[in-house]
Amino acid sequence: LGVKSQAIYNDLHFLSKDGELHVVSVARGCSGIYSLVIFISAFFSYVLLHYSHLDRDLISFLSLGIFISYLSNLLRMNLVVLAGHYYGMEALLFVHSHLGWLLFSLWMLTFWFILDKYIPANINDKKTN
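The rules we used
- Residues numbered from 1 in each chain as written.
- Predicted model: local features only at pLDDT ≥ 70, side-chain atom pairs only at ≥ 80, totals over all residues.
- Heavy atoms only, no water.
- Axes fitted to C-alpha atoms, helices over the stretch in contact; angles between N-to-C directions.
- Helix = DSSP H or I, 4+ residues; strand = E, 2+ residues; numbered from the N terminus.
- Parallel < 35°, antiparallel > 145°, perpendicular 65-115°, else oblique.
- Left-handed = near helix turned anticlockwise from the far one by under 90°.
- Contact = heavy atoms within 4.5 Å.
- Nonpolar A, V, L, I, M, F, W, Y, C, P; charged D, E, K, R; others polar.
- Pairing = 2+ DSSP bridges.
- Expected span 1.5 Å × (residues − 1).
- Bend = angle between axes of the 7 residues up to and from the residue.

## Focus on the packing of helix α1 (residues 33-50) against helix α2 (residues 56-87)
Thought 1: Relative orientation of the contacting elements α1 and α2 amounts to 160 degrees, with a least axis distance of 10 Å. In this view, α1 runs roughly antiparallel relative to α2, as classed from their interaxial angle. For the pair α1 and α2, the crossing hand works out as right-handed. When α1 is examined against α2, the residues Leu-36, Phe-39, Ile-40, Phe-43, Phe-44 and Val-47 are found in contact with a partner set consisting of Leu-58, Phe-61, Leu-62, Gly-65, Ile-66 and Ser-69.
Thought 2: Broken down by class, the residue content of the contact of α1 with α2 amounts to ten nonpolar, two polar and no charged.

## Things to note about the environment of Ile-8
Thought 1: Its location among the elements puts Ile-8 in strand β1 (residues 5-8).
Thought 2: Taking the C-alpha atoms as reference points, Ile-8 and Ser-25, 17 residues apart in sequence, are found 9.5 Å from one another.

## Re the sheet that holds strand β3 (residues 21-25)
Thought 1: Sheet architecture is open: three strands sit in the order β1-β2-β3, paired in antiparallel fashion. Edge positions in the sheet fall to β1 and β3, since each has one partner strand and no second. Between one strand axis and the next, the sheet turns through 20 degrees on average, direction left out of account.
Thought 2: For β1 and strand β2 (residues 11-15), the ladder comprises four bridges, and the chain directions are antiparallel. The residue of β2 that forms the bridge with Ala-7 is Leu-12.

## Some thoughts on unusual backbone geometry
Thought 1: The phi dihedral of Tyr-9 is positive, around 55 degrees, even though this residue is not glycine.
Thought 2: In this fold, Tyr-9 is placed in the loop between β1 and β2.

## As for helix α3 (residues 89-118)
Thought 1: Here α3 spans 42 Å end to end across 30 residues, near enough to the 44 Å set by a 1.5 Å rise per residue.
Thought 2: By the largest-angle criterion, Leu-99 marks the main kink of α3, which is about 35 degrees.
Thought 3: Buried residues along α3 sit in contact with β2, β3, α1 and α2.

Here it is in structure tokens:
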């Protein structure tokens with residue numbers, strides 16, 4: 001994206017637009033693994049409540065959801081670094097604190113809406129009202 005950067009182990013070194021070198025560490029909580037675990041747990045909880053079995057369509061949706069969750073996390077990390085590059089470390093910290101849960105929430109809402117629309121629960125399944 002035009003930002004000079006280098007990853008060394010868990011540290012990301014990047015230059016701000018002013019040419020200043022910044023280093024941020026990518027901790028386990030920032031890696032996206034926790035949001036992926038939450039997504040997979042929510043998916044299986046939803047399937048257990050609304051469907052009698054896990055079929056090919058649901059597995060396809062799960063696979064797509066995992067892939068898009070991964071892309072969503074990459075987008076989040078890029079936007080965090082871009083905020084630091086263009087607006088400084090204070091902006092980076094603000095975006096880091098707020099963008100993750102916002103993107104994750106929007107992604108989850110979109111996913112459940114699409115899942116309900118394209119694979120509606122069967123009336124004979126375990127769906128509760």
